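This is what each chain is made of:
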Amino acid sequence: MRKLIFLSIIFLFASAKFANASHNRAGEITFRHLQLLKYEIKITTYTKTSSANPPGNVDRPVLDSVHLGDGTMMAFQRSSYLDIPGDIRINVYIGEHTYPGSGTDTIWFVDPNRNGNVINVPNSFFTPFAIYTILNIGGNLLPDNSPVLLNPPIDSGCVGIPFLHNPAAYDPDGDSLSYQLIVCHGEGNLPIPGYSFPYATDSFTLNPVTGDLVWASPDSAGEYNVAFLIIEWRNIGGTWYRIGEVERDMQIRIIHCPINFAPPQILPVADTCVLAGDTLAFNVTAFDPNHEFVTLSSVGSPYIIPTPAVFTPPINNSLNDTVTGLFTWHTNCSHVARQPYQVTFRANDINSTISLVTYESVMITVIAPPITGLTVDPNGNTMMLHWNPNACANVAHYNIYHRVGSYPGVIECPCQTGVPAYTGYTLIGTTDGLNDTTFIDSNNGAGLAIGISHCYMVTAVFADGSESCSSIQVCNQLKKDLPVITNVTVVTTGAAGTGSDTIAWSKATEIDTTVFHRPYQYKVLRSDGDFIGSNFQLIATLPVGEDDTIYFDNTNLNTQTQPNSYKIELYYDSDNDGVPDHLKGNTQTASSVFLTLAPTDKRIILSWQEHVPWTNYRYDIFKQNAGGGWDSIATTTQHTYSDDSLINGVQYCYYVRSIGSYGTAGIVDPIINLSERTCATAIDNVPPCPPDLTVGSDCIENVNFLQWTNPNHSCTDDVLHYNIYFSSDGTNYELINITHIPTDTTLVDRNLPSLAGCYKVTAVDSVGNESAATAVCVDTCRQYVLPSVFTPNGDHNNDFYHPCDSTTALELQHKNCPPYKNVKDIDLKIYNRWGNLVYETTDKDINWDGKNKFSKGDCPDGVYYYTCIVNFFRLHGTQSVQLHGYLHLIRGK
């Protein structure tokens, strides 16, 4: 009796201890960079105020063992606490730590215990509370500050009424944030076994972008705990890095509310953007459907930065069922950021039962004003750009964008930053710093095309990668004070020394003769075998006449197997001695159109390429007819064409005519050029479709059955035979059979040492093309059965103990007795009822005659126990299976 009383006392003491220790409701860990490798770490927990009072006294002035991620554990002193209604104590612990070097450090702690009766945490009364955060230090990551969460992690709701929470997180560094639900953590900072998310009749979701946690319809009253991650993403050099994460473990309180009870509502507020320097102002209105009094408040990063935004709460806030507040933000250039600012508005109704909450989040993007004063002036074959410094002095650099011809649409500002790709503009360069406002576009040294409109836009870029609105579009054309190349057409197709091209160009008509003196001179340069002019050589020097110039090039020229590119240089007399001796400039590079043929089964695929400064908008394909003439067979805007329905073994010849234009008056239009003429023979080089193979196994007969589809029924008509390949392990395949009848699509593979292996079946057509194949693998049957009765009585029936086999009389008695041909070997041991070994073997056939291995005498009738390790042949080596059981040795008739 004393013992029972003692145990009861111990139990009561333990129960009281754990009841009072159950106190953790919610919390998170955040950090702030101080200097170099030194960080301030802040732990915020939400506990039961009542648990800090007698008799429990489980208040935590110190968190003893906080893991800092680098092997260090540290005690954190509580710096402050605040008791608020709802039996909630907010505890703040702050410590500093200097890390030894770069790395990824997980900061975490575990504290006994959570408060009791949390519905979705098994045994929450006894379950530790754990939270963590991840800090990345060094590498290509700048010093990092964790996200800051502005809304507390405890909220309330009603059964059957949608519940909403938003942490109102912002990142001090301007990093992008995302959100992810996770399982709450417990002992060892590991996920709590048996944890479940709150049951939802409709849905329980977390918006990964906004952080809105929505429980569509809570079905049961009580307390719930939910954990989620706030993940930091940083863009470095165009690549997004996941640089850290903060876990929030929050508590949700659900109660039964009166019928028709509903949370307050906030009228939707659209996301918006504003130019730095402008003032953003809008009203926010909240109302309560039950006509309860409503309060309206707001949190967000715009309120805690220099020159902050202001939210003016409604007059007589909480004294009306409909209230309106005013958000105002006088923005400036320091607010420009790549990521939008999130502002969260919170409406509370005032009710004696429970105060319900609604959130409305608004994303605000602050964008730098556009560049002004952009001018674009021609200078030879380059364009000189200049613009005014941006109104924001914190500009890091400028981006310069270019396109040929003007963009006809409108880029909306301020909500569209940069120059979108859909405009056809491409980034061609940058300049550094606020006052670097000049750029020369030389097309990377190749010179710009004359005779076309060059258009530009410029944007300002900031340290975090944010980009201003684009400048207005400004376009200009180069002066025609250099020749403009217009034609490179193949006249004669031939190898080196037999080919010829015609090159044409339009003369310069706007030369300033007071600066660039006559006489003038052209030099024609050619680069053999490429499109871009990587190896120009002088091939001709020509005087400049009054007309546009055509030059016929047959100087050791190969047009048959390669393209060729050209440019024209213009020289002038620099010292008035009558000799053109100084280069004024040159045309852009232009190549011939080079055609390539790819013959295949009953068709030839044509593809061609060229590099020209004008725009080719059409291609005509010509094919030689039986009489030697040429017929136009197709027109396309693409660079490929397939000529189908051809006859294999017949040669076909083609050339392509390109049609293009500069789109400028005074230059020949259209611009027409011809490719070389080239031929190819259609040939059947297309293999048949691969047969679809299936493989089945018969474990009794020890055979594999192969069956495959006939490609002649689907995608071809000339399959002659099939090749069957086999590999024992799926690596090296050997040809094991050829079936010469296309309709014969089965094979039985017999007399196998093992069923394990892989097969491939290919189809071969009339010209020897062999199809692809997909391997189909089978494995052995793992069947090895030991009988339970053994009668070694000399009647020649069941006198030897062995496993089932298709040749034994035992199988005739047991029709389902499987074979064991896929067994490599065994390790069998048989014991008597006293545990003494009486027989052992590695022979898979066993054939025990019932005699004791050691005494050689007959083993007596009785029950024996066996253990057996069976090693099966398998596709990838051998596999061992352990068997054990009982057998009855009976010597009577």
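This one's a predicted model, so the numbers in the text were calculated from it and none came from an experiment.

Caption draft 1: Molecular detail of the overall build of the protein. Counting its regular elements, the protein contains two helices and 59 strands. In terms of overall size, the protein is more extended than a compact globule, its C-alpha atoms giving a radius of gyration of 43 Å where 893 residues would be expected to give roughly 29 Å. Counting only residues that meet the buried cut, the protein has 49% of its 893 residues in that class. Restricting to contacts in the protein with at least 6 residues of sequence separation, those with at least 24 account for 66%. Entry remark: accessible area of the protein is about 41400 Å², with carbon and sulfur atoms responsible for 53%. Separation of charge centres in the protein, based on 48 positive and 86 negative side chains, amounts to 10 Å.

Caption draft 2: View of the state of the cysteines. This model, assessed by the stated rule, comprises eight disulfides. Between the sulfur atoms of cysteine 158 and its disulfide mate cysteine 257 the distance is 1.9 Å. Judged by the sign of its S-S torsion, about -75°, the cystine formed by cysteine 158 and cysteine 257 is left-handed. You can see cysteine 158 sitting in strand 9 (residues 154-158) and its partner cysteine 257 sitting in the loop between strand 16 (239-255) and strand 17 (265-266), a full 99 residues away along the chain. The same class applies to cysteine 158 as to cysteine 257, namely buried. A sulfur-sulfur distance of 2.1 Å marks the disulfide that ties cysteine 413 to cysteine 469. On the S-S bond that ties cysteine 413 to cysteine 469, the torsion sits near 95°, and the link is right-handed. Taken as a pair, cysteine 413 in the loop between strand 27 (397-404) and strand 28 (426-432) and cysteine 469 in the loop between strand 30 (453-461) and strand 31 (474-477) lie far apart in primary sequence, 56 residues in all. The partly exposed category is assigned to cysteine 413, whose relative accessible area is 37%. Cysteine 859 forms no disulfide, and the closest cysteine sulfur to it belongs to cysteine 868, at a distance of 17 Å.

Caption draft 3: Representation of the sheet that holds strand 22 (residues 322-330) in the model. Across the sheet, which stays open at both edges, the four strands sit in the order 17-19-22-21 with antiparallel pairing between neighbours. Edge strands, defined here as strands with exactly one partner in the open sheet, are strand 17 and strand 21 (310-312). Across two bridges, strand 17 lies against strand 19 (residues 279-287) in antiparallel orientation. Residue pairing in the sheet places isoleucine 266 in a bridge with alanine 286 of strand 19.

Caption draft 4: How the structure looks around the environment of tyrosine 81. On the secondary structure map, tyrosine 81 appears in strand 4 (residues 73-84). In this structure tyrosine 81 comes out as partly exposed when scored by relative accessible area, which is 46%. For the pair formed by tyrosine 81 and threonine 45, sequence separation is 36 residues and the distance between their alpha carbons is 9.5 Å. For tyrosine 81, the residues in contact, after removing those within four places along its chain, are Arg89, Ile90 and Asn91.

Caption draft 5: View of the confidence of the model for the protein. On average, residues of the protein score 89 in pLDDT, and 94% of them are at 70 or above. Here residues 1-21 scores under 50 on pLDDT; set against residues more than four positions off or in separate chains, the count is 12 contacts. Scored below 50 in pLDDT, residues 806-815 shows seven contacts in the model against residues more than four places distant or in partner chains.

Caption draft 6: Geometry of the pairing of strand 19. By the bridge criterion, nine bridges tie strand 19 to strand 22 in an arrangement that is antiparallel. Pairing of threonine 279 across the sheet is with histidine 330, part of strand 22.

Caption draft 7: The sheet that holds strand 10 (residues 163-165), seen in detail. With antiparallel pairing, three strands are arranged side by side in an open sheet as 10-14-13. At either margin of the open sheet sits one strand with a lone partner, and together these are strand 10 and strand 13 (204-206). The sheet shows a mean angle of 10° between the axes of neighbouring strands, direction not considered. Sheet analysis places strand 10 next to strand 14 (residues 213-215), joined by three bridges and oriented antiparallel. Bridge pairing links phenylalanine 163 to tryptophan 215 in strand 14.

What counts as what
- Residues numbered from 1 in each chain as written.
- Predicted model: local features only at pLDDT ≥ 70, side-chain atom pairs only at ≥ 80, totals over all residues.
- Heavy atoms only, no water.
- Helix = DSSP H or I, 4+ residues; strand = E, 2+ residues; numbered from the N terminus.
- Rg over C-alpha atoms; globule rule 2.2 N^0.38 Å.
- Buried < 20%, exposed > 50% of the residue type's maximum accessible area, 1.4 Å probe, protein only.
- Contact = heavy atoms within 4.5 Å.
- Areas by Shrake-Rupley, 256 points an atom, 1.4 Å probe, with all protein chains shown as cover.
- Lys, Arg positive; Asp, Glu negative; His and termini not counted.
- Charge placed at Lys NZ, Arg CZ, Asp CG, Glu CD.
- Disulfide = S-S within 2.5 Å.
- Pairing = 2+ DSSP bridges.
- pLDDT = per-residue confidence, 0-100.
- Axes fitted to C-alpha atoms, helices over the stretch in contact; angles between N-to-C directions.

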